[in-house]
Amino acid sequence: MIIHFLNCFTDNARFSSRMKTGLLCLLIETDKGLALVDTGLGLRDYSNPTWFTQFFRIITVMPFSPEEAAVNQIQKLGYQPEDVKHIILTHMHFDHCGGLPDFPHAKVHVHKREYDAFMGQGFDWKNAAYIRRNLAHRPEIALYETIDSKWFDFDAIRLPFAPEMVFIPLFGHSAGHCGLAVKTDSGWHFHVADAGVDIEHNIAPDFAIRLALGPHWPRLRAFAQSHPEVTLTASHMYDSYFAALKVDR
Ligand SMILES: [Zn+2]
């Protein structure tokens, strides 16, 4: 079983030049073909950016390079875009699912609450990061809602793949935000997505994390400390994390 760890969207803070982050996407070989966990920005975000992406280009520092698009990185690894049969979304903010149209035949797996918020009618500032055109190609969608298991102490929802994978509902950063735990050859990998931070390199204070990412970080951090055998990642990892990734597992 191979997982490729990809940075599919570099986005650096403007006012702490030490906060240089990439968006971690996981490309997992499963029994049902390749599954991509979150997509980063897609090709159309570069060729025809939305006002929201343009706004982020003002308030943050982005190299804004289409080379970072998952579809381009996957081809560099020797795969074809059609090899990506499934896309698992932690949530549907623009930086996590802008690449959906680059994999139009892939089935999309997402929590029902997140999908409902994304499809919600009427403009609401807290939903401004949901860009409707990312689903305009009408992909097949699998929705998840019912808690059907436990993963350690966390409520979990099983996903239909081998290796074993579970959604861990961690609502707060967005309506139906979930982390994802994957059983790798070397143990569990817990991708907490936007419910937490890069634990090793983080410089953001707790109050800012709570404000931006919701209430779960203290629990997740305590879990990481008491379970050193579990590898924990967040979506926005620091550039030093990506620099240290030498080989795929
Ligand atoms: Zn987000």
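Just above, that's the structure.
Summary of the structure given here. (Residues numbered from 1 in each chain as written. Predicted model: local features only at pLDDT ≥ 70, side-chain atom pairs only at ≥ 80, totals over all residues. Heavy atoms only, no water.)

**Notes on the overall build of the protein chain**
Part 1 of the argument: Scanning the protein chain for helices and strands turns up eight helices and 15 strands.
Part 2 of the argument: C-alpha atoms of the protein chain, sized along the principal axes, occupy 45 × 40 × 40 Å.
Part 3 of the argument: Per-residue burial for the protein chain yields a buried fraction of 54% across its 249 residues.
Part 4 of the argument: As presented, the protein chain carries roughly 11300 Å² of accessible surface, and 55% of it is formed by carbon and sulfur atoms. (Helix = DSSP H or I, 4+ residues; strand = E, 2+ residues; numbered from the N terminus. Buried < 20%, exposed > 50% of the residue type's maximum accessible area, 1.4 Å probe, protein only. Areas by Shrake-Rupley, 256 points an atom, 1.4 Å probe, with all protein chains shown as cover.)

**Notes on the packing of aromatic side chains**
Two measures describe an aromatic ring pair: the distance that separates the ring centres and the angle between the ring planes.
Part 1 of the argument: Here the structure, examined in full by the defined rule, presents 20 aromatic pairs.
Part 2 of the argument: Between Phe 52 and Phe 56 the ring centres are 5.3 Å apart and the planes differ by 45°, which places this aromatic pair in the tilted class. Placement of both Phe 52 and Phe 56 in helix α2 (residues 51–59) is noted, with a separation of four residues, approximately one turn of the helix. Exposure class is identical for Phe 52 and Phe 56. Each is buried.
Part 3 of the argument: Members of the aromatic cluster, each reached through a chain of ring pairs, are Phe 9, Trp 51, Phe 52, Phe 55, Phe 56 and Phe 94. (Phe/Tyr/Trp six-rings, centres within 6.5 Å; stacked < 30°, edge-to-face > 60°.)

**Some points on the side chain of Thr 39**
Part 1 of the argument: Structurally, Thr 39 is set in the loop between β4 (33–37) and α1 (43–47).
Part 2 of the argument: For Thr 39, a relative accessible area of 0% translates into the label buried.
Part 3 of the argument: Separated by 3.4 Å, the side chain of Thr 39 and the backbone nitrogen of Gly 98 make a polar contact.
Part 4 of the argument: When sequence neighbours within four positions are dropped, the list of residues in contact with Thr 39 reads Cys 8, Cys 25, Ala 70, Ile 87, His 96, Cys 97, Gly 98, Gly 99 and Leu 100. (Polar contact = N/O pair within 3.5 Å; in protein donor to acceptor, adjacent residues only side chain to side chain. Contact = heavy atoms within 4.5 Å.)

**Some thoughts on helix α7 (residues 217–226)**
Part 1 of the argument: Every buried residue of α7 is listed here: Trp 217, Leu 220, Phe 223 and Ala 224. Looking straight down α7, one finds that the buried residues subtend no more than 125° of arc, so they occupy a single side.
Part 2 of the argument: Those residues of α7 that are buried are in contact with β9 (149–151), β10 (154–158), β13 (187–193), α6 (206–213) and β14 (231–234). (Arc of directions from axis to C-beta.)

**So, the coordination of the zinc ion**
Part 1 of the argument: Each protein donor to the zinc ion is listed here as His 91 (NE2), His 93 (ND1), His 173 (NE2) and Asp 194 (OD); together their distances run 2.1 to 2.6 Å.
Part 2 of the argument: Angles of 81 to 171° at the metal separate the four donor atoms of the zinc ion, which places the site in the irregular class.
Part 3 of the argument: Taken in chain order, the donor set of the zinc ion reads H-x1-H-x79-H-x20-D. Placement of His 93 in the loop between β6 (84–88) and α4 (94–97) and of Asp 194 in the loop between β13 and α6 is noted, with a sequence separation of 101 residues between them. Take His 93 and Asp 194: they sit in the same class, and that class is buried. (Donors = N, O, S within 2.8 Å, 3.2 Å for Na, K, Ca; no water. Tetrahedral: all angles 85-135°; square planar, octahedral: opposite > 155°, others 65-115°.)

**Comments concerning the pairing of strand β11 (residues 165–169)**
The side chains of a regular strand alternate between both faces of the sheet.
Part 1 of the argument: With respect to burial, β11 is a largely interior element, five of its five residues being buried.
Part 2 of the argument: Side chains of β11 alternate between two faces, with Met 165, Phe 167 and Pro 169 and Val 166 and Ile 168 buried alike.
Part 3 of the argument: Hairpin geometry of β10 and β11 is characterised by an intervening segment of six residues between the two adjacent antiparallel strands. (Pairing = 2+ DSSP bridges.)

**Notes on the sheet that holds β10**
Part 1 of the argument: Read across the sheet, six strands follow the order β9-β10-β11-β12-β13-β14 without closing on themselves; strand pairing throughout is mixed. Looking along the sheet, the strands with just one partner apiece sit at the ends: β9 and β14. Ignoring strand direction, the axes of neighbouring strands in this sheet form an average angle of 35°.
Part 2 of the argument: Across two bridges, the pairing between β10 and β11 is antiparallel. Of the residues in β11, the one forming a bridge with Ile 157 is Phe 167. (Axes fitted to C-alpha atoms, helices over the stretch in contact; angles between N-to-C directions.)

**Things to note about α2**
Part 1 of the argument: Phe 52, Thr 53 and Phe 56 are the residues of α2 that are buried. Along the axis of α2, the buried positions cluster into a sector of 100°, meaning they face one direction only.
Part 2 of the argument: Where the residues of α2 are buried, they touch β2 (11–13), α1, β5 (60–61) and α4.

**Looking at the pattern of salt bridges**
Part 1 of the argument: For the structure on display, the rule yields seven salt bridges.
Part 2 of the argument: For the salt bridge of Lys 32 with Asp 31, the shortest nitrogen-to-oxygen distance reads 3.6 Å.
Part 3 of the argument: Taking the relative accessible area as the measure of exposure, Lys 32 reaches 40% and is therefore partly exposed.
Part 4 of the argument: Lys 76 is paired through a salt bridge with Glu 67; the nearest N and O atoms lie 4.0 Å apart. As far as the burial class goes, Lys 76 and Glu 67 line up, both exposed. (Salt bridge = Lys/Arg side-chain N within 4 Å of Asp/Glu carboxyl O.)

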